[in-house]
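Chain and residue survey
The chain contents come next:
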Amino acid sequence: MLFLKRAKESSEFTVNWAALAPVNEQLHGDQDAWLLWVRKQAKAIAHTN
């Protein structure tokens, strides 16, 4: 998953939206809590469209 933010005074997007924040997340297998949360959220969005 990639979080983007619209760059100031531009119509372009950037990944530089939180200085000093981690920009990636390591997954630890198919039962990783972060991965399960993302899958649940994606499934919920897919069912609403």
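Below, the structure is looked at part by part.

Conventions and cut-offs
Residues numbered from 1 in each chain as written. Predicted model: local features only at pLDDT ≥ 70, side-chain atom pairs only at ≥ 80, totals over all residues. Heavy atoms only, no water. 1 Å grid on protein atoms, 1.4 Å probe; cavity = no way out; pocket = protein on both sides within 12 Å on 5 of 7 lines; lining within 4 Å. Points joined across faces, edges and corners; volume = space filled by probe spheres on them. Nonpolar A, V, L, I, M, F, W, Y, C, P; charged D, E, K, R; others polar. Helix = DSSP H or I, 4+ residues; strand = E, 2+ residues; numbered from the N terminus.

Brief notes about the layout of surface pockets
Empty pockets left among the atoms are what a rolling probe the size of a water molecule brings to light. Its volume calculated, the largest pocket comes out at about 420 Å³. Looking at the largest pocket, it is lined by 15 residues, and the ones nearest its centre are Met 1, Phe 3, Pro 22, Val 23 and Asn 24. Among the residues forming the lining of the largest pocket, the class breakdown is 13 nonpolar, one polar and one charged.

What to know about unusual backbone geometry
Located in the positive-phi region is Glu 9, a residue other than glycine, with phi close to 55 degrees. Checked against the element boundaries, Glu 9 lands in the loop between β1 (5-6) and β2 (13-14).

Fair warning: the whole summary comes from geometry, so function is off the table for now.
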